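Chain by chain, the residues:
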Amino acid sequence: MRGGCRLLPLLLLCGLCGGRELAPGAVTCGSVLKLLNPRHSVRLHSHEVKYGSGSGQQSVTGVEASDDANSYWRVRGKADGSCQRGTPVKCGQAIRLTHVNTGKNLHTHHFPSPLSNNQEVSAFGDDGEGDDLDIWIVQCSGTHWEREDAVRFKHVGTEVFLSITGEQYGHPIRGQREVHGMPTANHHNYWKAMEGVFIKPSMDLAKHDEL
């Protein structure tokens, strides 16, 4: 797939930083992961396919396949560098999710989504830099975003929750599910960290490297 070559160097770099870990623990800044919606058993996904309506930006969908490289997202802080690499993400923390293969950020705005008429969710920006509508709050019940827990992502600018309710696209992305924003918290907007590379804290990185 296009952009797949971006992923391997990043994963190798993360592995060299000491982040390849399978045991449960907190999701950390700089980690690369896939996000599963457990209600609909699909992973958050994007690709170089634009919406044919609404904003016309890069589409964000849900896919059933667990091995698709276009489902990797990197956890980053706000543009002010508030998320040091390897630091556990706190419940209530503002983050950005950057699509690894295209460098665009998870984004939403006041356009209707094409299938359900909820709020459109897109991928926006270049090389990880977009705007204030790329910022989401991690909602969870403890101190940190734990990998085994289901969490919600609430959009700072429009106060909707990242959601899937099951609507399926036709050609050219047949079978993929619509991802959208919903104004209420419910069972459609839980997400769980799945496959990925999770960065562990490092004294040197904590001192010198921010995302």
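If you're wondering where the values come from, they're calculated on a predicted model, not measured in any experiment.

Trainee: Please clarify how the state of the cysteines should be interpreted in this entry.
Mentor: Disulfide: a covalent bond formed between the sulfur atoms of two cysteine residues. Overall, the coordinates contain 2 disulfides when judged by the stated rule. In this model Cys-29 forms its disulfide with Cys-83; the gap between the sulfur atoms is 1.7 Å. Classification of the bridge connecting Cys-29 and Cys-83 rests on its S-S torsion, roughly -90 degrees, and on that basis the disulfide is left-handed. Placement of the pair is Cys-29 in the loop between α1 (4–16) and β1 (32–37) and Cys-83 in the loop between β4 (73–77) and β5 (94–99), with a sequence separation of 54 residues. Accessibility assignment for this pair places Cys-29 and Cys-83 in one class, buried. In the protein, the bonded cysteines, numbered by position in the sequence, are linked as 1-2, 3-4.

Trainee: In this structure, what is going on with the pairing of strand β2 (residues 42–50)? I would like to understand it.
Mentor: Here β1 pairs with β2 via 2 bridges, running antiparallel. In the sheet register, Asn-37 faces β2, and the bridge partner there is Val-42. If you look at the hairpin formed by β1 and β2, you'll find 4 residues sitting between the two strands, and Ser-41 has a positive phi there, around 55 degrees. In the sheet, β2 pairs with strand β3 (residues 58–63) via 5 bridges, with the strands oriented antiparallel. Pairing of Ser-46 across the sheet is with Val-60, part of β3.

Trainee: Please clarify how the nonpolar core should be interpreted in this entry.
Mentor: Looking at soluble globular proteins, one finds that nonpolar side chains tend to be buried together. One finds Leu-44, Val-60, Leu-106, Trp-145, Phe-153 and Leu-162 to be the most contacted residues of the largest nonpolar core, which totals 30 residues. At the level of secondary structure, the elements contributing two or more residues to this core comprise β1, β2, β4, β5, β7 (119–124), β8 (136–139), β9 (150–155) and β13 (191–197). Residues within four places of Phe-153 in sequence aside, it is in contact with Leu-35, Ile-95, Leu-97, Trp-136, Ile-137, Val-138, Trp-145, Val-160, Phe-161, Leu-162 and Trp-191.

Conventions used here
Residues numbered from 1 in each chain as written. Predicted model: local features only at pLDDT ≥ 70, side-chain atom pairs only at ≥ 80, totals over all residues. Heavy atoms only, no water. Disulfide = S-S within 2.5 Å. Helix = DSSP H or I, 4+ residues; strand = E, 2+ residues; numbered from the N terminus. Buried < 20%, exposed > 50% of the residue type's maximum accessible area, 1.4 Å probe, protein only. Pairing = 2+ DSSP bridges. Core = buried A, V, L, I, M, F, W, Y, C linked by side-chain atoms within 4.5 Å. Contact = heavy atoms within 4.5 Å.

Note that every value here comes from positions in space, so none of it alone points to a role or purpose.
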